[in-house]
Amino acid sequence: MKRLPALAVALLILASACNYRPLDDPGLGELGLTTIVYAADGSVLAQWHAEEDRVLIEYDDLPQHLIDAVVAIEDERFWSHPGVDLKSVARALVQNIEAGTIVQGGSTITQQYLKNVLLTPEVTADRKIEEATLALRLEENLTKEQILERYVNTVYLGGGAYGVGAAALHYFGKPVADLTLPESALLAGSIQAPSKTDPYRHPEAALERRRVVLGKMVELGWLTAENAEVADATGLRLAPPQPPEQMRFPYFTEEVKQFLLDEPSLGATATDRYNALFRGGLRIYTTLDPLTQESAESAIDGILPDDGPSAALVAVEPRTGYVRAVVGGADFYDPADPVAQFNLATQGSRQTGSAFKPFVLAAALENGFSLTSTFAGGSSIVITTDSGPWQVENYGGANFGNLTLLDGTVWSVNVVYAQLVDAVGPAAVVDVARAAGITSDLQPFHALALGAQEASVLDMASAYGTFAAEGIHISPIFVTAIETTEGINIYSGVPIITEAIDRSVAQQVTVALSEVVARGTGARADIGRPVAGKTGTSQEHRDAWFVGYTPELATAVWVGYPQAQIAMVPPATPIKITGGSWPAQIWAQFTASALVTTGFGQLATADLGDLIAIDIDVTTGLLAGPLCPRENVQRVYLPAAEVPSVICHIHNPQGLVVVGSGEVPQLIGQGIAGAVHLAEEAGYRVSVEYAEAGNLPDGTVFNQVPSPGEPAQSGSSIHILVAGPEPGSVFPTVVGYPFQQAKARLDEIGAEVELRFEAESDPDDARRRSGVVWKQDPAGGAPNAGPIVLWVNP
C-alpha cells in the first residue's frame, strides 16, 4: 500500500511538468557573496569566498573515465531518464513515508545542478516536486552533455575547489583533460562528502570512497574488473597543497570552517553547505577572544625554545562552553612544516598520563570513598586484572607508606590510583570521563587510570571545565550565531548542558586539585588566585600536560613532538620535561595574563581537620630523619592513627642527634630569605644547597637537617635544601618585562646580553607596549653558558 502514494506523487511530478514550457538555460547561477567571520569582540577573523577558485571546462575537455565515474556514482540512469529518475523517486518516497520525514531525495544530476544554481538547500516535499518539475523542463531545452558540463562546473569538491577544473589543479596540479582513471574516480567519489574524503586530511577515507566508485563502474559494465583492480592499487599522488588566503588565528578559524561544512542547518549536502559558506554572504559570530588568544600564543612563545617541542592549548569558559582560545601548532602557514595545518588541539590525541586521574578520583568519590580514605603507597603493586597481572610503580620508585587519597592525588601516586581503579572498576571511570566531556574511544582497561589512553586537548579542557562548573558539563561552543545578508538568524550556538557529576563530588575533586597546585606537583601553576589543576606525563616523557581551571576559565596545555613519540629529556630538551615544568609554566603565564582584568572567583578548598602533617622518606615509606636525603622527603597529611612511628633506619642510626639547648624551627615551605631570617633569629647558622624538587617553585625550602622540632645546640648549622637551580646558573624568563628591568636581572647573574629592538610579528597586537621584551633566546631555564638575545618592542 505504501507504494500507491509514491506512484501518485511521481505522476503529480509528470503532470506538473506538462503544464510548463521548456526551462531557459540557467548557466552557472549568480556569483557568490563573501562570508565574514567575526571574533567575540567584533573584529574580523576571515573572509570566505569561492569564485576565484573556479576553472571552467567544456564537455569535450572531460576524459571519458571521469564522465563515467561521475555518472556511475551520482546518477547511473542519467543517460536514459528525462531529468527525473522515477525508480529513485519511488524508492525515496517509500523510505520517506516509512520514516515520516525527508530522508532520501532521489535527486538526479539534472536536479542537483538546478539546486546548485537556482534553488535553496531546503528539503521539503514541495521543494522536491519543484526541483523535479524544473529538471523535466530543463531537459527539453538542453542536451545531456550540456547538463553534465554545467553540473561538473558547479559541484563542490573540497579544498575550495568549485568544479572539476579547479579540483584537478588543486589536488593533482594538472588540467582536467589529463586526469587518470584513479584520479577521476577519486574526484567523483568526493562529491557526496568532500570534507570527510579530503585526500590531504583524510587519505584513507578518500581511497575507500574511490574503491566504491570503481566498483560501481564495474557493476555497470563501464570498466573491466582488471582495470579497476589496477586503479584501486594506485597510491595517492597529490600536488603540494597551495597556501590559502591567510586567516587570523587560523587554528581556531579553520576549526570553525570544518565544523560548519558538516553542519546540517547550512544545507543537506556538502555542495549546499559550501555554497552557504563561500557564496552566501553569511555573517558568522564566534566565541574567540583575541586578547585571550594572544595571551595563549605569547605564553607558549615565551616558554618553549624555538627548536624544541610543540605545544597545544585550548581555553574554555566552564559556565558557557565558549571556546576562547585555540593554539593548534606553531605556524599554520609554515610551508616547511609538513604537519603545520594539523590541529594538535582538536585533531590530535595523545596519552594524558596522570592528568586523567581526576576522572578516577571522581568515580571513587561517587562509589563511597573520601579524600581521607587511606591506601598503601608502597613503591610498587601488582593488580590482578582480566587480562593478567598489572604491575604498577610510582614515579622514581617512591615509597609513601600509607597515605590519604588526597595526598595520593597531590603527589600523583600511581600505586594509590591502581588500587582505586581496581576498587571502582575501569568501566565506572570510563562513564565519568565520557560524562565530563571526553569523546575519544575509551576502553575499560585498568591502565586507563594512569593515562595510557588518548584524549584531545579540547576534550581535556572541556572535561576539566565540568569540575570547575561543579559537575555541570556544557559542550564546547565555537559559533554563537549565523546571520544571512538580510540579518535573518539561521543558526544559534545552543550548548548541550548535562548534569555529568554530582555537585559534591565535583567540589571534592576541586579540593584535591587545588592542593596539587598549592603544595604538590602543580606548584608552578600557582598564580596567586584560586586555581585547581593536575599535571600529566606519559611514559618516557613523550607527552607532558597541565590541565587546570579557575572559576572563570578551564585550560588544557599539551607539550610534545607532534610527528613522533620523542622523549623530552636531554639532549632533545635542555631539561627533563614533566607536566609540572613547561606545561604548568605556560598555563600559569597564559591564565594570569588572560584574567588580568577579571576579579577573583572562589573554588572549594580543603579542610584538613585533624590530619597531621609529617615528612616521609619516599625510599622507605617511614618517617624522615635528619640524615634522609632531602630529595627523598615529601610532606603528607595523615589521620593520627595512620602516622608511622618508625624513623627511617636506612639513613638515620640511633643516637645521632645530640640534645642541645634549642629546638630547630620549621623552615620547610618558606622562601629562602624567610628561612634564613627565622633560623638566625632562633640562634642557628644556615647552609644552603640547591636541588631539583619536581614541581615546587624555585627558591622554596623543601627540606632541612635537622628536622623541625629536633633538639639542636644553639649556634649549630641547619642545612636547608632549596628548590631550583643555583641562582645565576640558568637564565630567568624575562618575556613581558621592561627591557631595563630584564637586563638588570640578567646583569646580576653575569649574563652577556644582546638587545634587538624589533616589533612583534603581529603589527595589530593591541597590547604591544614599547620597551617590553617579547621574545628571548635561550628560553628561561636554559643554562647560563653563553650570550642571551632579547627582542624588544621599539
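Our subject is the structure listed above.
Residues numbered from 1 in each chain as written. Predicted model: local features only at pLDDT ≥ 70, side-chain atom pairs only at ≥ 80, totals over all residues. Heavy atoms only, no water.

(A) Examining the packing of aromatic side chains more closely. Applying the stated criterion across every chain, the model contains 19 aromatic pairs. Judged by centre distance (6.1 Å) and plane angle (90 degrees), the ring pair of F359 and Y464 falls under edge-to-face. Residue F359 is located in helix α14 (residues 357-366), and its partner Y464 is located in helix α18 (residues 457-468); the two are separated by 105 residues in the primary sequence. We classify F359 as buried; its relative accessible area is 0%. (Phe/Tyr/Trp six-rings, centres within 6.5 Å; stacked < 30°, edge-to-face > 60°. Helix = DSSP H or I, 4+ residues; strand = E, 2+ residues; numbered from the N terminus. Buried < 20%, exposed > 50% of the residue type's maximum accessible area, 1.4 Å probe, protein only.)

(B) Here's a closer look at the pairing of strand β29 (residues 788-792). A large share of β29 lies buried, amounting to five of its five residues. Residues I788, L790 and V792 point to one face of β29 and V789 and W791 to the other, with burial holding for every one of them. Here five bridges tie strand β27 (residues 753-757) to β29, and the two strands are oriented parallel to one another. Across the sheet, the residue bridging to E754 is V789, located in β29. (Pairing = 2+ DSSP bridges.)

(C) Structural view of the packing of helix α2 (residues 64-74) against helix α9 (residues 203-219). As a packed pair, α2 and α9 sit with axes 9 Å apart at the nearest point and diverge in direction by 95 degrees. Between α2 and α9, the angle is such that the two are roughly perpendicular. In this structure, α2 uses H65, D68, A69, A72 and I73 to contact α9, whose residues at the interface are R209, V212, V213, K216 and M217. A per-class count over the contact of α2 with α9 returns six nonpolar, one polar and three charged. (Axes fitted to C-alpha atoms, helices over the stretch in contact; angles between N-to-C directions. Parallel < 35°, antiparallel > 145°, perpendicular 65-115°, else oblique. Contact = heavy atoms within 4.5 Å. Nonpolar A, V, L, I, M, F, W, Y, C, P; charged D, E, K, R; others polar.)

(D) Molecular detail of the sheet that holds strand β20 (residues 622-623). Taken in spatial order, the three strands make up an open sheet running β20-β19-β21, and their pairing is antiparallel. Only two strands of the sheet have a single neighbouring strand rather than two, namely β20 and β21 (633-638). With six bridges connecting them, strand β19 (residues 612-617) and β21 associate as antiparallel partners. By the bridge assignment, I612 is partnered in β21 with L638.

(E) Broad picture of the pairing of strand β4 (residues 310-316). Of all the seven residues making up β4, seven are buried; the element is thus mostly covered by neighbouring parts of the structure. Of the two faces of β4, both are covered, the one formed by S310, A312, V314 and V316 as well as the one formed by A311, L313 and A315. Examined bridge by bridge, β4 and strand β18 (residues 554-560) share seven bridges and lie antiparallel to one another. If you follow V314 over to β18, its bridge partner there is A556. The sheet contact formed by β4 and strand β5 (residues 323-327) spans four bridges and is antiparallel. Paired with V316 across the two strands is V323, which belongs to β5.

(F) Local environment of the sheet that holds β27. Ordered in space as β27-β29-β28, the three strands form an open sheet in which the pairing is mixed. With one partner strand each, in any of the chains shown, β27 and β28 (773-777) form the two edges of the open sheet. The average undirected angle you get between the axes of adjacent strands in this sheet is 20 degrees. Inspection of the sheet shows β28 paired to β29 by four bridges, in the antiparallel sense. By the bridge assignment, D777 is partnered in β29 with V789.

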